[in-house]
Amino acid sequence: SAPAPAATLDPDLAAQVDALARAALTAGATGAVVGISDPVRGSYLQAYGTADTAGTPMTTDVHYRIASVTKTFTAQAVLRLADQGRLSLDDPLEEYVPDIPHGDEITVRHLLGMRGGVYSFVRDEEFMARYVADPLLPGWSPYDVLEIIRAHAPEARPPDQATVYSNSEYVLLGLVIERVTGRSAQQYTTSVIEDLGLRETSYPTTAALPEPYTHGYMNTDSELTP
């Protein structure tokens, strides 16, 4: 039989985690929280550094922006729809979002694994200039992403050739969710989060964060920008 799960990490392993976490506090990163839950090795939760440049100590109960963690919940939402038979992972993207380069070859499965070959909109210089000027992107919508993808059609690649991190592919999955459910991606993903019982997790529609929270920064031209 398998050994009983440990309650806490082995001290030597915990020391390795500590060293790696502290080493990561470079290039403007002020703090971090590391959480581990392993059924065999045990659990670990530790805060490092500060929650902001003012020196507020980082704690394990801080909130932070969901940002790209939305991808995790987007994937969960899509897989739930597949389990319910409302879509198939082998459905072509073209069935839900038209006029995307190679959209007749790209499947939902490809997008989930970031193997769709779709141009990542964050590489667009005009978009990045707008983002740096105001990360809240007033007036921005996922449909602006479609315009950028289509404008960079020559830079798209056929699917399933390489795994490349692409923000565009998860925006497209959000649009798939909207097409299948008739609800916004934010609304449907929020229902998934609630069903999972994650009371301290939310997919907000504003920039507000519940307290306590850690301050996010962006490194631009070697200067820390809030």
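The written sequence of each chain sets the order in which its residues are numbered from 1. In keeping with the model being predicted, local features are shown solely for residues with a pLDDT of at least 70 and side-chain atom pairs are shown and tallied solely at 80 or more, while totals for entire chains, interfaces and linings include all residues. Note: side-chain values were computed over all heavy atoms of the structure, leaving out hydrogens and water.

Please give an account of helix α1 (residues 11-23) that cites residues and values.
Starting at the N terminus, helices and strands are each numbered in turn, a helix being any DSSP run of H or I of at least four residues and a strand any DSSP run of E of at least two. Given the number of residues in a helix, its expected span is that number minus one, multiplied by 1.5 Å. A rise of 1.5 Å per residue sets the reference length of α1, with its 13 residues, at 18 Å; its end C-alpha atoms lie 18 Å apart and thus fit the reference within 8%. Elements that come into contact with the buried residues of α1 comprise β1 (31-38) and β2 (42-49). Near the N-terminus of α1, the side chain that reaches the backbone nitrogen of Asp12, with its oxygen 2.9 Å away, is that of Asp10. We call two residues in contact whenever any of their non-hydrogen atoms come within 4.5 Å of each other. Under this definition, polar contacts are N or O atom pairs within 3.5 Å; protein pairs additionally need one hydrogen-donor-capable and one acceptor-capable atom, and for neighbouring residues in sequence, both atoms have to be side-chain atoms.

So what's going on with the pattern of salt bridges? Which residues, and what values?
Salt bridge, as used here: a side-chain nitrogen of Lys or Arg that lies within 4 Å of a carboxyl oxygen of Asp or Glu. Per the stated rule, a full pass over the model turns up five salt bridges. Across the salt bridge formed by Asp90 and Arg109, the nearest N and O atoms sit 3.2 Å from each other. With Asp90 in the loop between α2 (70-83) and α3 (108-112) and Arg109 in helix α3, the pair connects residues that are 19 residues apart, well separated along the chain. Here Arg109 falls in the partly exposed class, since its relative accessible area comes to 44%. Here Arg115 and Asp160 are joined by a salt bridge, their closest N and O atoms 2.8 Å apart. Remark: exposure states derive from per-residue accessible area (1.4 Å probe, protein chains only) relative to the maximum for the residue type, with buried under 20%, exposed over 50%, and partly exposed in between.

Hey, could you go over the nonpolar core for me, with residue numbers and the actual values?
The criterion is simple. A nonpolar core is a set of buried Ala, Val, Leu, Ile, Met, Phe, Trp, Tyr and Cys residues joined through side-chain atoms within 4.5 Å. Counting 34 residues, the largest nonpolar core has Val78, Leu87, Leu93, Val97, Leu112 and Leu172 as the members making the most contacts within it. At the level of secondary structure, the elements contributing two or more residues to this core comprise α2, α3, α5 (142-151), α6 (167-181) and α7 (185-195). It is α6 that provides the largest number of residues to this core, a total of eight residues. For Val78, the contacting residues outside a window of four places in its chain are Leu87, Leu89, Val108, Leu112, Leu173 and Ile177.

Which residues make up the packing of α2 against α6, and what values go with them?
Each packed pair of helices is defined by two parameters, the angle between the axes and the distance between the axes. Orientation is described by lines fitted to C-alpha atoms, with helices fitted over the stretch in contact, and by angles between N-to-C directions that extend from 0 to 180 degrees. Two numbers describe how α2 lies on α6: the axes approach to 10 Å, and their chain directions differ by 40 degrees. Our classification of the angle between α2 and α6 gives oblique. As for how α2 packs across α6, the hand of that crossing is left-handed. Listed contacts from α6 to Lys71, Thr74, Ala75, Ala77, Val78 and Leu81 of α2 are Asn167, Tyr170, Leu173, Gly174, Ile177, Val180 and Thr181. Put simply, angles under 35 degrees are roughly parallel, angles over 145 are roughly antiparallel, angles from 65 to 115 are roughly perpendicular, and the rest are oblique. Helix crossings are classified by the rotation of the near helix relative to the far one: an anticlockwise turn of less than a right angle makes the crossing left-handed, while a clockwise turn makes it right-handed.

Quick rundown of a negative patch on the surface? Include the residues and the values.
Taken together, the side chains of Glu94, Asp99, Asp104 and Glu105 present a region of like negative charge at the surface. With respect to the helices and strands, Asp99 occurs in the loop between α2 and α3. Residue Asp99 is classed as exposed on the basis of its relative accessible area of 55%. The patch calculation keeps residues exceeding 30% relative accessible area without a salt bridge and links them within 9 Å when they carry like charges or within 5 Å when they are nonpolar (Val, Leu, Ile, Met, Phe, Trp, Tyr). In short, Shrake-Rupley with a 1.4 Å probe defines the accessible areas, and a residue's cover is counted only from the protein chains shown. We score Asp and Glu as negative and Lys and Arg as positive, and we do not count His or the chain ends. In plain terms, the charge of a residue is placed at NZ if it is Lys, CZ if Arg, CG if Asp and CD if Glu.

If you had to explain the layout of surface pockets to someone new, which residues and values would you point to?
In this structure, the second largest pocket encloses a volume near 220 Å³. As defined here, a cavity is a set of points on a 1 Å grid over the protein atoms alone where a 1.4 Å probe fits but cannot get out. A pocket is an open set with protein on both sides within 12 Å along at least five of seven lines, and residues line them when an atom is within 4 Å of a point. Forming the walls of the second largest pocket are 17 residues, and the residues nearest its centre are Gly117, Val118, Arg157, Val164 and Glu169. Think of it as three bins: nonpolar holds Ala, Val, Leu, Ile, Met, Phe, Trp, Tyr, Cys and Pro, charged holds Asp, Glu, Lys and Arg, and polar takes everything else, Gly as well. Among the residues forming the lining of the second largest pocket, the class breakdown is eight nonpolar, four polar and five charged. Grid points are joined across faces, edges and corners, and a volume is the space filled by probe spheres set on the points.

Residue-level account of the packing of aromatic side chains, with values.
Any pair of Phe, Tyr and Trp rings, taking the six-membered ring for Trp, is counted once the centres come within 6.5 Å. Such a pair is stacked with planes under 30 degrees apart, edge-to-face with planes over 60 apart, and tilted for the rest. This structure, assessed with the given rule, holds three aromatic pairs. Ring geometry for Phe127 versus Tyr131: centroids 6.2 Å apart, planes at 20 degrees, classification stacked. On the criterion of helical spacing, the pair formed by Phe127 and Tyr131 is a turn pair, its members being four residues apart in helix α4 (residues 125-133). According to the relative accessible area criterion, Phe127 is buried, its value standing at 6%. The exposure class of Tyr131 is partly exposed, given its relative accessible area of 28%. Between Phe127 and Trp140 the ring centres are 5.0 Å apart and the planes differ by 50 degrees, which places this aromatic pair in the tilted class.

Residues and numbers for the environment of Gly182, please.
Along the chain, Gly182 turns up in the loop between α6 and α7. Judged by its relative accessible area of 68%, Gly182 is exposed. It is 18 Å that separates the C-alpha atoms of Gly182 and Asp83, two residues lying 99 residues apart in sequence.

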